[in-house]
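Descriptive structure summary
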Amino acid sequence: MTWGFVTCGPNEAMVVSGCCHRSPYYVTGGRIFLLPFIQRLDRISLNIMTLIIESPRIYTQKGVPITVTGVAQVKVQGSNTEMLSAACEQFLGKTEEEIQEVAKETLEGHQRAIMGNMTVEEIYKDRKKFSKAVFEVASSDLINMGISVVSYTLKDIKDDQVSQRCTLPLKCTGMPFCLTGVVSVARSQVSPKTQTPLFTVGSILKLLPEWLV
């Protein structure tokens, strides 16, 4: 049994309950004197957790299936007493992996919802808009659990239909042909002013003859 002076680092919080406290007492990065037998001490981690959010084959607004991978940084908010209290109610006694799983499922659900409300072109063209939408919606939900979203970044986008079509070996004028090279070259062309791609995968395919694709 732990008693006497106990301390914790800045990356964790102590929760003291029992005698002398009507409600749990929170200590972040400090010390407290713990009375034996009549007080209880719990700890919760405040470390940043990195989550890989994958949403495979989700249909966008126009019915095109794509796969999106995002990276989020989340943490239990220790500087806000109300959020720390909410986090303790939800996660006290759980491992960091269990907390990550809850946050990951929540973020993945919002990521899927945002994907369904945007077109492929919008997601490809404006990644910041997509990332901002996921960040704002997920933050408002996770804050009720005492978790703050530090950052969210869209890591990768894959158009499943285009990937299948671009990897099929085709024949053009009797010569072996593959769309992968065409797509790669076209997508490498960027605007000199904005430094953004001039072509999306969808627009490239529209320019090709129907018999070719």
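Residues numbered from 1 in each chain as written. Predicted model: local features only at pLDDT ≥ 70, side-chain atom pairs only at ≥ 80, totals over all residues. Heavy atoms only, no water.

Looking at an unreviewed UniProt entry, the chain carries the name Band 7 domain-containing protein, with the source organism given as Dibothriocephalus latus. What the UniProt record of the chain gives under Sequence similarities (unreviewed entry) is the line "Belongs to the band 7/mec-2 family. Flotillin subfamily." (UniProt positions renumbered as here; feature names shortened; annotations may be inferred.)

This part is about a nonpolar patch on the surface. A cluster of nonpolar side chains, Trp3, Phe5 and Phe33, forms an exposed patch at the surface whose accessible area comes to about 390 Å². Locating Trp3 in the fold gives a position in the segment before β1 (4-7). (Patch = residues over 30% accessible without salt bridge, like charges linked within 9 Å, V, L, I, M, F, W, Y side chains within 5 Å. Areas by Shrake-Rupley, 256 points an atom, 1.4 Å probe, with all protein chains shown as cover. Salt bridge = Lys/Arg side-chain N within 4 Å of Asp/Glu carboxyl O. Helix = DSSP H or I, 4+ residues; strand = E, 2+ residues; numbered from the N terminus.)

A word on the sheet that holds strand β8 (residues 147-159). Read across the open sheet, the three strands follow the order β6-β7-β8; overall the sheet is antiparallel. Because the sheet does not close on itself, it has two edges, and the strands there are β6 (49-59) and β8. Recorded for the sheet is a direction-independent mean angle of 20° between the axes of neighbouring strands. Where strand β7 (residues 65-76) and β8 come together, 11 bridges link them in antiparallel fashion. The partner of Ile66 across the bridge, within β8, is Asp159. Taken strand by strand, helix α4 (residues 127-142) contacts β7 and β8, and its axis lies near 140° from that of β8. (Pairing = 2+ DSSP bridges. Axes fitted to C-alpha atoms, helices over the stretch in contact; angles between N-to-C directions. Contact = heavy atoms within 4.5 Å.)

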